[in-house]
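Listed below are the residues making up each chain.
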Amino acid sequence: MLIELDYLPKALLEMPASQLHKIIPQPTLIHLQGRHQAPLFVSVLMHGNETTGFLAMQQLLKRYRPGGGTHELPRSLSLFIANVSAAKQGKRHLEAQPDYNRIWSAEEHPDTPEYQMTQKIIKIMSERQVFASVDIHNNTGLNPHYACINVLHHDFFHLATLFSRTVVYFIRPASVQSMAFSCLCPAVTLECGQAGEPHGTEHAIEYIDACLHLSHFPEHPVAEQDMELFHTVATVRVPEHIDFAFGEQTTPLQFSQDMDHMNFRELSAGTVFGQLAPFAALSQIPLQVINEAGQDATAQYFMLKHNAIQLRCPVMPAMLTTDTDIIRQDCLCYLMERKAYHQPLAGH
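Cut-offs and rules
Residues numbered from 1 in each chain as written. Predicted model: local features only at pLDDT ≥ 70, side-chain atom pairs only at ≥ 80, totals over all residues. Heavy atoms only, no water. Pairing = 2+ DSSP bridges. Helix = DSSP H or I, 4+ residues; strand = E, 2+ residues; numbered from the N terminus. Axes fitted to C-alpha atoms, helices over the stretch in contact; angles between N-to-C directions. pLDDT = per-residue confidence, 0-100. Domains from an automatic or database assignment. Contact = heavy atoms within 4.5 Å. Buried area = accessible area lost by both parts, 1.4 Å probe. Salt bridge = Lys/Arg side-chain N within 4 Å of Asp/Glu carboxyl O. Polar contact = N/O pair within 3.5 Å; in protein donor to acceptor, adjacent residues only side chain to side chain. Nonpolar A, V, L, I, M, F, W, Y, C, P; charged D, E, K, R; others polar. Phe/Tyr/Trp six-rings, centres within 6.5 Å; stacked < 30°, edge-to-face > 60°. Buried < 20%, exposed > 50% of the residue type's maximum accessible area, 1.4 Å probe, protein only. Lys NZ or Arg CZ within 6 Å of the ring centre and 35° of its normal. Expected span 1.5 Å × (residues − 1).

Chemist: Any chance you could explain the sheet that holds strand E14 (residues 302–305) here in plain terms?
Modeler: For sheets, the rule is that strands pair by backbone hydrogen bonds, running either parallel or antiparallel. With mixed pairing, the 5 strands of this open sheet are ordered in space as E10-E11-E12-E15-E14. Lying at the two open borders of the sheet, with one neighbouring strand each, are strand E10 (244–246) and E14. Ignoring which end each strand starts from, the neighbouring axes of this sheet average 30° apart. Bridge count between strand E11 (residues 253–255) and strand E12 (residues 272–276): 2 bridges; the pairing is antiparallel. Along E12, the bridge assignment pairs Leu-253 with Leu-276.

Chemist: How do you make sense of the confidence of the model for the protein chain when you look at a structure like this?
Modeler: The predicted coordinates of low-pLDDT regions are not to be read in fine detail. The share of residues in the protein chain with pLDDT of 70 or more is 97%, and the mean pLDDT across the chain is 95. Here helix H8 (residues 324–329) stands out as the element of the protein chain with the lowest mean pLDDT, 95, in contrast to strand E5 (residues 132–137), whose mean of 99 is the highest.

Chemist: Help me understand the domain arrangement of the protein chain, please; the structure alone is not making it clear to me.
Modeler: One frequent convention defines the size of an interface as the accessible area lost when the parts assemble. Taken domain by domain, the protein chain holds domain 1 (3–226) and domain 2 (233–338). Each of domain 1 and domain 2 has a C-alpha centre, and the two are 30 Å apart. Listed as interface residues are 16 residues of domain 1 and, on the opposing side, 18 residues of domain 2. Carbon and sulfur atoms make up 57% of the surface buried where domain 1 meets domain 2, a total of about 1,400 Å² over both sides. Ranking the residues of domain 1 by area buried against domain 2 places Arg-92, Leu-142 and Arg-172 at the top, with a combined share of 36%. There are 2 salt bridges connecting domain 1 and domain 2. A salt bridge links Arg-92 to Asp-330, with the shortest nitrogen-to-oxygen separation between them at 3.4 Å. At the boundary of domain 1 with domain 2, the tally comes to 7 residue pairs in polar contact (both at pLDDT 80 or more). Of the residues contributing to the side of domain 1 that touches domain 2, the split by class is 6 nonpolar, 6 polar and 4 charged.

Chemist: So what exactly am I meant to see when it comes to the packing of aromatic side chains here?
Modeler: One pass over the full model with this rule turns up 12 aromatic pairs. On the basis of an interplanar angle of 25° and a centroid distance of 4.5 Å, the ring pair of Phe-41 and Phe-181 is categorised as stacked. Residue Phe-41 is located in strand E3 (residues 36–44), and its partner Phe-181 is located in helix H5 (residues 177–181); the two are separated by 140 residues in the primary sequence. In this structure, Phe-41 and Phe-181 share a single accessibility class: buried. On the numbers, 5.4 Å between centres and 85° between planes, the contact of Phe-163 with Tyr-207 is edge-to-face. Taken together, the positions of Phe-163 in the loop between helix H4 (154–161) and strand E7 (166–169) and Tyr-207 in helix H6 (residues 198–212) put the pair 44 residues apart, joining distant regions of the chain. Grouped by ring-pair contacts, the aromatic residues Phe-41, Phe-80, Trp-104 and Phe-181 constitute a single cluster. In this structure, Arg-75 packs its charged tip against the face of Phe-131, placed 3.7 Å from the ring centre.

Chemist: Which parts of the structure should I look at to understand helix H1 (residues 52–64)?
Modeler: Because each turn of an α-helix spans 3.6 residues, side chains separated by three or four positions in sequence point in the same direction. Between its terminal C-alpha atoms H1 stretches 19 Å, which fits the 18 Å expected from 13 residues at 1.5 Å a residue. Considered for burial, the residues of H1 that qualify are Thr-52, Gly-53, Phe-54, Ala-56, Met-57, Gln-58, Leu-60, Leu-61 and Tyr-64. In this structure, the buried residues of H1 make contact with strand E2 (28–32), E3, strand E4 (75–81), E5 and H6.

If you want it as structure tokens, here you go:
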């Protein structure tokens, strides 16, 4: 199901993401030659409704377009345009599809054509001796721009802080693109705010352009004051059988309508996270928290007190959203803790 090209279709630079299926009906990997041979791998539209990465690559490639740009690519580029079918409908993924950022290991969707596609891409990029990998995303809640890594190593820190001093380290879910590529090269996931924000597109353009101009990664470590490192320790979900809403009082579980304002705020123990309606016939916390070991940790992070769901310990949430569809498809949020990084670090 993978299309592989060694040229850039001209129409691709002018076409909106929703119309891409007309020229590339399947996920497409495009290889473009640059001065440095080892390519930068960039993936966009891993989720069909997250268009910032695609818009950024369109604008960036116009700078380097033969006959229309300023000069040749400073480094070879392999551009993966992922879920064009979902982009057509402006959705994260279609109902019949797996999440394209959960198909990069055998953990979640091992017997699917999508998983087989990712293994082919990994093999192709390994043979091309990929220099670095960048996966560009948006999110639906209020979040700062930040970079995610899956390996604690100086090269990964340099790649991440080139985008933002806010860096998030996580190892679950393990089936994301950046985790798979971390075995090949320094890899990051960029979170560029909400889709449609011009600043997110501009930030992604300048970042990718900077990556294309990198000849190597610095040997010195990132200065401690130049990076705020957070560790994702748990994922919070709402069980499928629980009805919930934001700013309403008609469901058993109720959240504040501006709940996403708590993103990247260090919350103290006792902070109210949600509320049970007086009529709710629930005796247990209607959330599920899974830690990075894959174990249920709900009681470690939350408690129920007078129908209020409160934090049991200080944490910092990320990716809180009030989009109920996204919550059902993915999660309510992630929980993070600050992490020191001056200790000895693993290699990659």
